[in-house]
Amino acid sequence: KRRSEINTEALVTSILNKDITALSRAITLVESKNPKHLEKANTIIKACLPYANKSIRIGITGVPGVGKSTFIETFGKHLTSKGKRIAVLAIDPSSSLTKGSILGDKTRMDDLVKDDNAFIRPSASGDSLGGVARKTREAIILCEAAGFDVIIIETVGVGQSETTVHSMVDFFLLLKLAGAGDELQGIKRGIIEMADAIAINKADGDNLKHAKLAKVEFNRALHLYPEKSSDWQPKVTICSALKNEGIDAIWELILDYIAITSKNNHFNAKRNEQNKFWLIQTIEEQLKSTFFNRPEVKTALENQLQLIKDNKTTPFAAADYLLSLEI
Ligand code: GDP
């Protein structure tokens, strides 16, 4: 056997034995562009699936500078001190361009990196958000098989990345800053709607009173949104990631959410919905790429574009024609 030959069975056994090196190697396979690696990755994921699904998946978003990495570090340490094992993943569609703007620089979570009960993995790079998302979804499964109790997925508000993270987590936390009365400006409405909780960070020092005011405003604003199907009323809290204040309250809040949604079965229903979403999404992406990569489609597409330009056909007629091309 060549030295580079990967023994998938041994790798799976190691992952199930909570071996972090094995977990990292498996995630690297998932992220690889080499078809042989992907084949191995699929074998590993399949073997890990029966052991997955047992963690609490938490999405965290907020603008750069809001304190995401500080929060994740404090929150993460809090959880490991309670005996939990936590994994931190990221979705950053811009990372292929900027070489990892979030989590790329691991020193941002100095203490957590050194914690034996924490695993931190920077965002996969990829050409598309869909590609990055898929790799992260698969990394979640691997982390769960490796026995992590809590999986945190960090994202910045680039394009659709929040929606993507929302579609793979149980609980979505939005970090905000208190401003001078302009808290509600410049927030994408959809993100507030997705949030299960809003934590106003940097509620310390002189900023504390602003944070308390912001909390009132957000609470008022949240009442304008329709009630969620989960029977969960999104909560607004204040915290200081830097001073470790209000962090335990957020964890308690998440536990409340899990308890309520487990009881009314929303928790499982949501995961089922998410699986359905990813199934359909994957099929759509694959159909699309198979279609557009066919050489005859590529040629015909050029021709049809020219015909449209010359006013000889319409985009709709051209689409009908292209879709009707025999393989
Ligand atoms: P990110 O870009 O969202 O990951 O933000 P960082 O975690 O890198 O934090 C940005 C800056 O805000 C850093 O200088 C942090 O030290 C600071 N910061 C983060 N959380 C707090 C907090 O709770 N209080 C205060 N005063 N500063 C904070």
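Okay, so let's go over this structure. (Residues numbered from 1 in each chain as written. Predicted model: local features only at pLDDT ≥ 70, side-chain atom pairs only at ≥ 80, totals over all residues. Heavy atoms only, no water.)

Points about the packing of aromatic side chains
Working step 1: Under the criterion given, the structure shown has 8 aromatic pairs.
Working step 2: Ring centres 5.2 Å apart and planes at 90° place the aromatic pair Trp 232 and Tyr 257 in the edge-to-face group. Residue Trp 232 is found in the loop between α10 (208-222) and β7 (235-238), and its partner Tyr 257 is found in helix α11 (residues 247-263); the two are separated by 25 residues along the sequence.
Working step 3: A relative accessible area of 3% places Trp 232 in the buried class.
Working step 4: On the basis of relative accessibility, which here comes to 1%, the residue Tyr 257 falls in the buried class.
Working step 5: Judged by centre distance (5.2 Å) and plane angle (90°), the rings of Phe 277 and Trp 278 are edge-to-face.
Working step 6: Under the relative-accessibility criterion, Phe 277 is labelled partly exposed at 38%.
Working step 7: By the ring-pair criterion, three or more aromatic residues cluster together here, those being Phe 71, Phe 75 and Trp 251.
Working step 8: Here the guanidinium or amino end of Arg 85 rests over the ring plane of Phe 148, the centre of that ring lying 4.2 Å away.
Working step 9: Between Lys 235 and the ring centre of Trp 232, over which it is positioned, the NZ or CZ distance is 3.8 Å. (Phe/Tyr/Trp six-rings, centres within 6.5 Å; stacked < 30°, edge-to-face > 60°. Helix = DSSP H or I, 4+ residues; strand = E, 2+ residues; numbered from the N terminus. Buried < 20%, exposed > 50% of the residue type's maximum accessible area, 1.4 Å probe, protein only. Lys NZ or Arg CZ within 6 Å of the ring centre and 35° of its normal.)

Remarks on the environment of Leu 11
Working step 1: Counting through the fold element by element, Leu 11 comes out in helix α1 (residues 8-16).
Working step 2: Spatially, the C-alpha atom of Leu 11 lies 7.5 Å from that of Ala 26, the residues being 15 residues apart in sequence.
Working step 3: Apart from residues lying up to four places away in sequence, Leu 11 is in contact with Ile 6, Ala 22, Arg 25, Ala 26, Leu 29 and Ile 44. (Contact = heavy atoms within 4.5 Å.)

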